[in-house]
Amino acid sequence: MTGTPTRPTRRGGASDLLARLFGNLLDSEYAHTTAPRTRPGRLAARAAALTALVATGFLLAVAYQSVLATEPAASKARAKLVSDVRERQRQADALQKQADRLRDDVARQREAALAGSGDAERLFDLGAASGLTAVHGDGVVVRLTDAPAPVDPVTGKPTGATNLGRVLDRDLQDVANELWRDGAEAIAINGERLTATSTIRQAGGAILVDFRPVTGPYEVSAVGPSDLDRRFQASDTGQRFRHYVAAYGMQVSVKRTKGLTLPAGPDPRLRYAVPAPTGSPTGSPTGSPTAGGSAGPSVGSSVPSPSGGG
């Protein structure tokens, strides 16, 4: 049995062909029209980032070169200042030694001229009382040392906290004044003899005795009666420093010492003077001073002279 043959149909005929054709055209046009807009934007961003990096590197290089250029000059200036200070200090020390030698020569010639009279002994007593004559005898040495700096218990590094056990100028003032009250006849701090016009002051991180710096450990040497150490330890000042040792870690020791020699102090520039009172403390150039001398001048930031003005 035969019939009319059917026309074969194609899947995806003309309509499918048109869809693919127009679809390809839209894709190529989209890529063609969008590419010019996105590529320049990316290039501009990269160029800006590169420019910023180059500028930063240039500034860092300039700063580094500037530091290298100025560092030698600053180091040279600092080294020159340090050298000048040390040279001036050496000159001052040499002049002081020369002045001490000249003073000793004058003292020997004066003693030779006054030999055989009572004026020589009286003159020495006045010089010892005013601090203008070197004194040799038995006494005590009060030694004060700063407490260790506070440290972190875990790391062991300094914490930067205030060191309450640090020796201050008023501590040396208190020790010197107490020794005067206890009968000391001559006192020196780290070899600097105290006179009636001496000052003990704080200047930044340094302590000045008559404008000369002293550094720790600080030794307050005093020539005086045989029980001077016991008098100091039994005083209110001695008890207060024992509290500093227990509470803040300051190190304080009081030692009886034989054969102390305290140098003469600097010559004061007196504007006026009055006769010394009777019973002034006396010292001995070769042996122990008398034990019954009266208390000496009080030492502070500025001290008037009991026998003369400076």
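The preceding data block contains the structure.
Residues numbered from 1 in each chain as written. Predicted model: local features only at pLDDT ≥ 70, side-chain atom pairs only at ≥ 80, totals over all residues. Heavy atoms only, no water.

Chemist: I tried to follow the packing of aromatic side chains on my own but got confused; where do I start?
Modeler: Within a pair of aromatic rings, the relevant descriptors are the distance that separates the centres and the angle that separates the planes. Under the definition given, this model contains 2 aromatic pairs. Ring plane angle 75° and centroid distance 5.2 Å describe the contact between Phe 241 and Tyr 244, whose orientation is recorded as edge-to-face. Of this pair, Phe 241 and Tyr 244 are both found in helix 5 (residues 236-248), 3 residues apart, which corresponds to roughly one turn of the helix. By the burial criterion, Phe 241 is buried, and Tyr 244 matches it. (Phe/Tyr/Trp six-rings, centres within 6.5 Å; stacked < 30°, edge-to-face > 60°. Helix = DSSP H or I, 4+ residues; strand = E, 2+ residues; numbered from the N terminus. Buried < 20%, exposed > 50% of the residue type's maximum accessible area, 1.4 Å probe, protein only.)

Chemist: Is there a simple way to think about helix 2 (residues 119-130) in this case?
Modeler: Relative to the 16 Å expected for 12 residues at 1.5 Å per residue, helix 2 spans 16 Å between its end C-alpha atoms, a close match to the ideal helical length. Turning to helix 2, the residues buried within the fold contact strand 1 (135-145) and strand 3 (192-193). (Expected span 1.5 Å × (residues − 1). Contact = heavy atoms within 4.5 Å.)

Chemist: What should I look at first to understand the sheet that holds strand 6 (residues 212-214) in this one?
Modeler: Within a beta sheet, neighbouring strands are joined by backbone hydrogen bonds and run either parallel or antiparallel to one another. Spatially, 3 strands are ordered 4-5-6 in an open sheet, and the strand pairing comes out antiparallel. Looking at strand neighbours, the two that pair on one side only are strand 4 (200-203) and strand 6, the edges of this open sheet. Averaged over all adjacent pairs, the angle separating strand axes in this sheet is 40°, with direction ignored. The pairing of strand 4 with strand 5 (residues 206-209) spans 4 bridges and is antiparallel. By the bridge assignment, Gln 202 is partnered in strand 5 with Ile 207. Seen against the sheet, helix 3 (residues 169-181) touches strand 4 and strand 5 and runs at an angle of roughly 170° to strand 4. (Pairing = 2+ DSSP bridges. Axes fitted to C-alpha atoms, helices over the stretch in contact; angles between N-to-C directions.)

Chemist: Looking at this structure, how should I read unusual backbone geometry?
Modeler: It is generally the case that most residues other than glycine have a negative phi and that most peptide bonds are trans. The step from Gly 216 to Pro 217 runs through a cis peptide bond, and the omega angle for that step is 0°. When you line up the elements, Pro 217 lands in the loop between strand 6 and strand 7 (218-223). Even without glycine at this site, Asn 190 takes up a positive phi of about 50°. Within the fold, Asn 190 resides in the loop between strand 2 (186-189) and strand 3. On the basis of relative accessibility, which here comes to 30%, the residue Asn 190 falls in the partly exposed class.

Chemist: Just checking my understanding: could you explain helix 3 for this structure?
Modeler: Each full turn of the α-helix corresponds to 3.6 residues, which orients residues three or four apart in the same direction. For helix 3, which comprises 13 residues, the first-to-last C-alpha distance of 19 Å matches the rise-based estimate of 18 Å (1.5 Å per residue) to within 8%. Most of helix 3 sits inside the fold, with 10 of its 13 residues counted as buried. Buried within helix 3 we find Asp 169, Asp 171, Leu 172, Gln 173, Val 175, Ala 176, Asn 177, Glu 178, Leu 179 and Trp 180. One or two steps after helix 3, the chain reaches Gly 183, where phi turns positive at roughly 105°.

Chemist: Could you clarify how one ought to interpret the pattern of salt bridges in this entry?
Modeler: Two side chains of opposite charge can pair, provided their charged atoms sit close to one another. Counting across every chain of the model gives 9 salt bridges. Asp 93 is the partner of Arg 212 in a salt bridge, and the nearest nitrogen-oxygen pair spans 3.3 Å. Here Asp 93 lies in helix 1 (residues 14-113) and Arg 212 lies in strand 6, a separation of 119 residues in the sequence. Among the salt bridges present, the one from Arg 212 reaches Glu 192, with a minimum N-O distance of 3.2 Å. With Arg 212 in strand 6 and Glu 192 in strand 3, this pair connects stretches of sequence that are 20 residues apart. Given a relative accessible area of 27%, Arg 212 falls into the partly exposed group. (Salt bridge = Lys/Arg side-chain N within 4 Å of Asp/Glu carboxyl O.)

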